[in-house]
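Spelled out, the chains give:
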Amino acid sequence: MRSHVIKQTSRRQMPRFEIGSQRTPGPLVSIAQVKGHLRLLRTFHNLRVIVEECKDRRIPAFAAQMDRDSRWMWFITLAIDSLCNSCLSEKFISKQFPPIDVWMVWHAYLLNPCWYEEDCERLLILQQLRLLNMFVVASINVGKLTKNQPSTSRITAWHKQTGSLFDPFDAMGELTHKQMECPRCRTRVFVPFVNDNGTGYSEQQFSAMCPLPGCRLKITKGNLAVAKFVRDLTESEDGSENYMAGSLFFGNGKRDPRRAKAIKDQLTQSSQFCRKSPQSSNQRIARLDWEKEIKESIGYSWPLLKDAIAIALRDQPEATTKILSAYEDDSPFSINLISAVLRQGIFTKRIDELGWLRPGTFKEGDKMQLLEHALLRYHCFLDLAAASPNLMPVPTLDIDLIWHSHQLMGGKYGVDCDIYIGRRVDHPLTTEEAILSTALDDTCRAWQSRFHVPYMQCGCPAPDETVFERLIRIFRQYTGTRTCLQTSLHPDHLPATHPSLHNAVLDPERGAFGSFGKPAHPQRDEKDLLEEGFVYDKMAQGPVPLSPAPPYVGYGSDIRFMRDI
């Protein structure tokens, strides 16, 4: 069944959409929510400009001497530490709104929905967010809150809860050291975020020495990652952390706790990780002994741990890859939040280049059509995912914006996916270039086949037709199955139908431009193209018809009501 707007008998009714075999009671995302999300992105974009260009005098002198990229990574690291310290507690989130730097990290976290949902279930520190995901997160008016100055009670509540100042530029003067635990002796260690020899916690060559005379372990991100994995592995099955990060959701997007438990059992019963010494009757001491036994057997080495995991899970390569990706650093969270924030920064930059972050862009007038069509295309995107369970759909920029807005609703996004698609449609943090390129071609072909309109209308070349696809197209021309509809995308919408590729991991052997075509949309200069790693074909000059387009049947009058939802 094609995804389309169902024509209403009453103009007061909200437009409804068909996704797979289900019909929505209204749009899954409202225009008001998308506008709020755009205001939030504008706030994030402005924050990044202030940090990168050192526009706030409260930025410490040592940070002002960094290059702009290092300074931004240092700022993100502080924000992640603030997130860890606050854990977004129920008392604060249900009544208040966190500082903008913490919300920026939380925003990037939410945009990895399967990882986020798994962590909220798996990690004790996030347990309190599980109920909030449906009732509080989905109702946060992010646009309104970003416009308002924080109240005194909000500032006081944050400081009381975290011990940190609310304004990130005030707080950075106090956030000089990171607290951690020595992987060997568990001594509490305080290490600087930045130091003179480039080995601070936020720097690439991080290392520190355990201060305990009998230990003196050289602490690195590698052996901190080892400690994180071993801690999760040896966690009692009676506790909340009863399976390993990356084991709950797999490629099919379905939650499978039985499989997750089986994977943990396979690890703990393997020769690489099973107990080899007699177990103490004291449960806590027994666990500490088991942790020490595993860590010493691999010499606190991350490469050796990776090899041991691969051997223990040799019959489950997909599980091995996902689990390893969750244990690459010492963060309690399962994804690299620095990478997540940086990649969302690429997306925000592209949206800004479209002019969609400018204040007042979508207040009234024909520019509202851009968001209306984007919302319509997103519901078609979900229908495509429902109709093609083996497809890894690659969004365009406009669809990705609405998709992000939907994911910011926390648990509601997962429920909507279960109802209308039958599985979670994940939004992966990273995807290899070759896989993404193939998936994009598959998405273009599937969209054209299902909806009879081009997926990308930005001027980029569509994938070549196969002989079978050409025969189907000719057959449809002669059988009259195509539906004509006198509707066109707004000319300013066309660049937004370019694929959203901020999660691409480039193949260095393919060169700087990868496999996504040749240059370039006119609003981007050569430096931007090199930074992103992709190039583009020349943009189409005029509006591209949506017709023939079954998903847009009944579009004309009913869609206008979405702007008021």
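Residues numbered from 1 in each chain as written. Predicted model: local features only at pLDDT ≥ 70, side-chain atom pairs only at ≥ 80, totals over all residues. Heavy atoms only, no water.

### Observations regarding the overall build of the protein chain
(1) Moving on: Within the protein chain one finds 23 helices and nine strands.
(2) Moving on: Sorting the 565 residues of the protein chain into buried and exposed places 53% on the buried side.
(3) Moving on: Sequence-distant contacts, at least 24 apart, represent 70% of the contacts inside the protein chain between residues at least 6 apart. (Helix = DSSP H or I, 4+ residues; strand = E, 2+ residues; numbered from the N terminus. Buried < 20%, exposed > 50% of the residue type's maximum accessible area, 1.4 Å probe, protein only. Contact = heavy atoms within 4.5 Å.)

### Quick look at the packing of aromatic side chains
(1) Moving on: Tallied over the full model, the rule gives 16 aromatic pairs.
(2) Moving on: With a centroid separation of 5.6 Å and an interplanar angle of 90°, the aromatic rings of Trp356 and Phe362 are classed as edge-to-face. Across the pair, Phe362 and Trp356 agree in class, each one buried.
(3) Moving on: Members of the aromatic cluster, joined through ring pairs, are Trp72, Phe75 and Phe169.
(4) Moving on: The ring centre of Tyr201 lies 4.4 Å from the NZ or CZ of Lys221, which sits over that ring.
(5) Moving on: When the ring centre of Trp115 is taken as origin, the NZ or CZ atom of Lys322, which lies over that ring, is 4.7 Å away. (Phe/Tyr/Trp six-rings, centres within 6.5 Å; stacked < 30°, edge-to-face > 60°. Lys NZ or Arg CZ within 6 Å of the ring centre and 35° of its normal.)

### Here's the deal with the layout of surface pockets
(1) Moving on: The volume enclosed by the largest pocket comes to roughly 1,500 Å³.
(2) Moving on: Only helix H3 (68–86), strand S4 (177–181), strand S5 (188–192), helix H11 (221–233), helix H13 (283–297) and helix H16 (337–353) provide two or more residues apiece to the lining of the largest pocket.
(3) Moving on: Here the second largest pocket defines a volume of roughly 1,200 Å³.
(4) Moving on: Considering the residues around the second largest pocket, the lining is formed by 42 residues, among which Met392, Asp426, Pro428, Thr430 and Thr431 are closest to the centre.
(5) Moving on: Partitioning the lining of the second largest pocket into residue classes produces 19 nonpolar, 15 polar and eight charged. (1 Å grid on protein atoms, 1.4 Å probe; cavity = no way out; pocket = protein on both sides within 12 Å on 5 of 7 lines; lining within 4 Å. Points joined across faces, edges and corners; volume = space filled by probe spheres on them. Nonpolar A, V, L, I, M, F, W, Y, C, P; charged D, E, K, R; others polar.)

### A few points about H16
(1) Moving on: In a regular helix each residue adds 1.5 Å, so 17 residues correspond to 24 Å; H16 covers 24 Å between its end C-alpha atoms and thus fits that length.
(2) Moving on: Those residues of H16 lying buried are Leu337, Ser339, Ala340, Val341, Arg343, Gln344, Gly345, Phe347, Thr348, Arg350 and Ile351.
(3) Moving on: Among the residues of H16, the N-terminal cap falls to Asn336, whose side-chain oxygen and the backbone nitrogen of Ile338 are separated by 3.1 Å.
(4) Moving on: Remark: Gly355 follows H16 within two positions and exhibits a positive phi of approximately 85°. (Expected span 1.5 Å × (residues − 1). Polar contact = N/O pair within 3.5 Å; in protein donor to acceptor, adjacent residues only side chain to side chain.)

### Looking at the packing of helix H5 (residues 100–110) against H16
(1) Moving on: Viewed as axis vectors pointing N to C, H5 and H16 meet at an angle of 90°, and their least axial separation amounts to 9 Å. The orientation of H5 with respect to H16, classified from their angle, is roughly perpendicular. Only Leu337, Ala340, Val341 and Gln344 of H16 make contact with H5, whose side of the interface consists of Met104, Val105, His107, Ala108 and Tyr109.
(2) Moving on: Here the residues of the contact of H5 with H16 sort into seven nonpolar, two polar and no charged. (Axes fitted to C-alpha atoms, helices over the stretch in contact; angles between N-to-C directions. Parallel < 35°, antiparallel > 145°, perpendicular 65-115°, else oblique.)

### Side note on the nonpolar core
(1) Moving on: Grouped together as the largest cluster of nonpolar side chains are 134 residues, with contacts concentrated most on Phe229, Phe273 and Trp356.
(2) Moving on: If one sorts the elements of this core by residue count, helix H17 (residues 368–387) sits on top with 11 residues.
(3) Moving on: Residues Cys114, Tyr243, Leu248 and Ala260 belong to the second largest nonpolar core, which totals five residues. (Core = buried A, V, L, I, M, F, W, Y, C linked by side-chain atoms within 4.5 Å.)

### Some remarks on the state of the cysteines
(1) Moving on: Taken as a whole, this structure holds zero disulfides when the rule is applied.
(2) Moving on: Cysteine Cys215 is unpaired, with the sulfur of Cys182 as its nearest cysteine sulfur at 3.6 Å. (Disulfide = S-S within 2.5 Å.)

### Some words on helix H18 (residues 397–407)
(1) Moving on: Of all 11 residues making up H18, 11 are buried, and the element is well covered by its neighbours.
(2) Moving on: Those residues of H18 that fall on the buried side of the exposure criterion are Leu397, Asp398, Ile399, Asp400, Leu401, Ile402, Trp403, His404, Ser405, His406 and Gln407.

### Focus on empty space enclosed by the protein
(1) Moving on: Going through the model one piece at a time under the given rule, you end up with seven cavities of 30 Å³ or more.
(2) Moving on: Estimated volume of the largest cavity: approximately 90 Å³.
(3) Moving on: In this structure, the largest cavity is lined by 15 residues; those nearest its centre are Ser82, Asp101, Pro168, Ala171 and Leu175.
(4) Moving on: Those elements giving two or more residues to the lining of the largest cavity turn out to be H3, H5 and helix H10 (168–171).

### Observations regarding the environment of Leu337
(1) Moving on: Mapped onto the fold, Leu337 is located in helix H16.
(2) Moving on: Sequence separation between Leu337 and Thr77 is 260 residues, and the spatial gap between their C-alpha atoms is 8.7 Å.
(3) Moving on: In this structure, Leu337 is in contact with Ile80, Leu83, Val105 and Tyr109, ignoring residues within four places of it in sequence.

### Comments concerning unusual backbone geometry
(1) Moving on: You will see that Arg186, though not glycine, has its phi angle at about 65°, which is positive.
(2) Moving on: For Arg186, the position within the fold is in the loop between S4 and S5.
(3) Moving on: With a relative accessible area of 36%, Arg186 lands in the partly exposed category.
(4) Moving on: Positive phi outside glycine occurs at His452, with the angle close to 65°.

### Regarding the pattern of salt bridges
(1) Moving on: Applying the stated criterion to the full structure yields 26 salt bridges.
(2) Moving on: For the salt bridge of Asp170 with Arg58, the shortest nitrogen-to-oxygen distance reads 2.8 Å. Here Arg58 lies in the loop between helix H1 (31–52) and helix H2 (61–64) and Asp170 lies in helix H10, a separation of 112 residues in the sequence.
(3) Moving on: A residue is classified by how much of its surface remains accessible, and Asp170, at 36% relative accessible area, is partly exposed. (Salt bridge = Lys/Arg side-chain N within 4 Å of Asp/Glu carboxyl O.)

### With respect to the packing of H1 against H18
(1) Moving on: One way to put it is that H1 packs onto H18 with a least axis distance of 10 Å and a crossing angle of 95°. Considering the angle they form, H1 stands roughly perpendicular to H18. Across from Val34, His37, Leu38 and Leu41 in H1, the residues of H18 making contact are Leu401, Ile402, His404 and Ser405.
(2) Moving on: Taken together, the residues of the contact of H1 with H18 break down into five nonpolar, three polar and no charged.

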